[in-house]
Amino acid sequence: MADDTTAAAAAAAAAATATPPASTAGPAAAAVSHDGGGSIVDRRQALQAAIVAGRRRDGESVDHAPAATGAAATYAPAGAAPPPALWKREELWRSSDPAARAAAAMDSFRYEFDAPAGAADGGGAPPPIEIEEAHDAIGHRVWDGAVLLGKFLEHLHAAREAVVAACAASGDGGGGDDDAAALAAAVSRLRFDAPTPAPSADACRVIDVGSGTGICAMMAARIAARASAPLRVVATDLPGVVPRLARNVAAVGVAYMVQAAPLPWGDADAAAAALAAVSDAAAWRATAAAPPAPAGVDVILACDLAGPPVPLGAALASTLATLLRAGRPHPAPPPILLLLCQSHRDLTATLLPALAAAGVHLLPLPPAALHPAYRSDRHTLYAAVGTTPAARP
């Protein structure tokens, strides 16, 4: 058995780096630019082979394979089946198994949405998101936390009452009850599938901080598009990351909802520019007929951010706190921050206390509120509620 396992893993490693015949890539995969060899389909099949071979990574069993649709492995859970192993690519990347590492070294990424309840054969699900990746910089690849956040957003929009109830039940019977109530209230109004409540009745405004490949911004756009709801997202990152981010947004076809913009953490002028961009309704329409609206943001996304903890922890906390103070004027509800942190990131250790020092009260979502097939001990999803400025004369 050991020899068979080694042989299967070696074959998987070879398949992961081989250039496949052109006929093996589906239309979506063929449309993506690949810097390395091998289509995403063949790399997934190689990874599946390594998993099925019974390999283990960091002491965790990976004996189950990801669900599959046609030739390509997907991220959609199948009923009560184990979570798809493929979404935890970082764990495979850190594995001591060369085959697992080779198979995880993909140069493109495909995120598939769950089909709505009752839909057969995936009907009614938004189109998948497939984007290019690179391994030469942090901002050019998709981290596991992005999949977890995306699946939470899907789960929230498909089972809102259950998610809100899980948040409300997360109190400890003491002072934590107030936090649980605040968390449930915030999550209950977090939605991308409808305009904002009156009096604004406007597109939901989102700023994605440290957007990287843009995957979280595009997930929000796909959820809004499925409901024909208005949405404006400014996806931000360092200036050197923005060109690839903009290419990804254009390739996925959501540029009418998502704009890419530079926002170095701690740069107050760049934060103000992002706020102005997300608030300028006329700039997002074919005509300039829309009346001007007060500046302000509704939702801030910040997913699995990484970088040198000093000084970036304090700089990032400053930017997030600034955006949380930049809600629409009263009586609009205050903005909501969704912050996903990974425990092993050095940045997390400096960011969380810096946010507390800046007056940002983070509310951890309980595991029961997350997508049942996409949870991880390494990740924590937090929410925070900002402030609403006084009404302007």
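Above this note sits the structure.
Residues numbered from 1 in each chain as written. Predicted model: local features only at pLDDT ≥ 70, side-chain atom pairs only at ≥ 80, totals over all residues. Heavy atoms only, no water.

(A) Examining the overall build of the protein more closely. Secondary structure summary: the protein contains 13 helices and 13 strands in total. For the protein, with 393 residues in total, the buried portion stands at 50%. In the protein, the share of contacts with a sequence separation of at least 24, taken over all contacts with a separation of at least 6, comes to 74%. Of the roughly 15900 Å² that the protein leaves accessible, carbon and sulfur atoms contribute 60%. (Helix = DSSP H or I, 4+ residues; strand = E, 2+ residues; numbered from the N terminus. Buried < 20%, exposed > 50% of the residue type's maximum accessible area, 1.4 Å probe, protein only. Contact = heavy atoms within 4.5 Å. Areas by Shrake-Rupley, 256 points an atom, 1.4 Å probe, with all protein chains shown as cover.)

(B) Here's a closer look at unusual backbone geometry. In this structure, Ser228 takes a positive phi of about 55 degrees despite not being glycine. Relative to the helices and strands, Ser228 resides in the loop between helix 9 (215–226) and strand 8 (231–237). With a relative accessible area of 70%, Ser228 lands in the exposed category. Even without glycine at this site, Asp304 takes up a positive phi of about 50 degrees.

(C) Structural view of the layout of surface pockets. If you add up the space inside the second largest pocket, you get close to 410 Å³. Lining of the second largest pocket is provided by 27 residues; of these, Ile138, Gly139, Gly210, Asp237 and Ala306 occupy positions nearest its centre. Looking at the lining of the second largest pocket, the elements with two or more residues in it are strand 7 (204–209) and helix 9. The residue inventory of the lining of the second largest pocket, partitioned by class, reads 17 nonpolar, 6 polar and 4 charged. (1 Å grid on protein atoms, 1.4 Å probe; cavity = no way out; pocket = protein on both sides within 12 Å on 5 of 7 lines; lining within 4 Å. Points joined across faces, edges and corners; volume = space filled by probe spheres on them. Nonpolar A, V, L, I, M, F, W, Y, C, P; charged D, E, K, R; others polar.)

(D) The arrangement of the state of the cysteines in detail. All told, the structure shown has 0 disulfides when counted by the stated rule. Distance from the sulfur of Cys216, which forms no disulfide, to the nearest cysteine sulfur (Cys303) is 3.9 Å. Judged by relative accessible area, which is 5%, Cys216 ranks as buried. (Disulfide = S-S within 2.5 Å.)

(E) Just the environment of Pro309, in detail. On the secondary structure map, Pro309 appears in helix 12 (residues 309–324). Spatially, the C-alpha atoms of Pro309 and Arg345 are 8.7 Å apart, while their sequence positions differ by 36 residues. Not counting residues up to four positions away in its chain, the partners in contact with Pro309 are Asp346, Leu347 and Thr350.

(F) Layout of the pattern of salt bridges. Scanning all chains against the criterion turns up 7 salt bridges. The salt bridge involving Glu130 is made with Arg110; its shortest N-O contact spans 3.0 Å. On the criterion of sequence distance, the pair formed by Glu130 in strand 6 (residues 129–132) and Arg110 in strand 5 (residues 108–111) is long-range, its members being 20 residues apart. The burial state of Glu130 is the same as that of Arg110; both residues are buried. Across the pair Asp304 and Arg345 runs a salt bridge, and its minimum N-O distance is 3.0 Å. (Salt bridge = Lys/Arg side-chain N within 4 Å of Asp/Glu carboxyl O.)

(G) Inspection of the nonpolar core at higher detail. The biggest cluster of nonpolar side chains holds 59 residues, and the ones touching the most others in it are Phe152, Phe192, Ile215 and Leu231. Among the elements that take part in this core, helix 9 stands out by supplying 9 residues, more than any other. When near neighbours in sequence (up to four residues on either side) are disregarded, Leu231 contacts Phe192, Ala203, Cys204, Val206, Ala220, Ala221, Ala224 and Met257. Ala271, Leu275, Val297 and Ala315 belong to the second largest nonpolar core, which has 35 residues in total. (Core = buried A, V, L, I, M, F, W, Y, C linked by side-chain atoms within 4.5 Å.)

Function-wise, these values are silent; they only describe arrangement.
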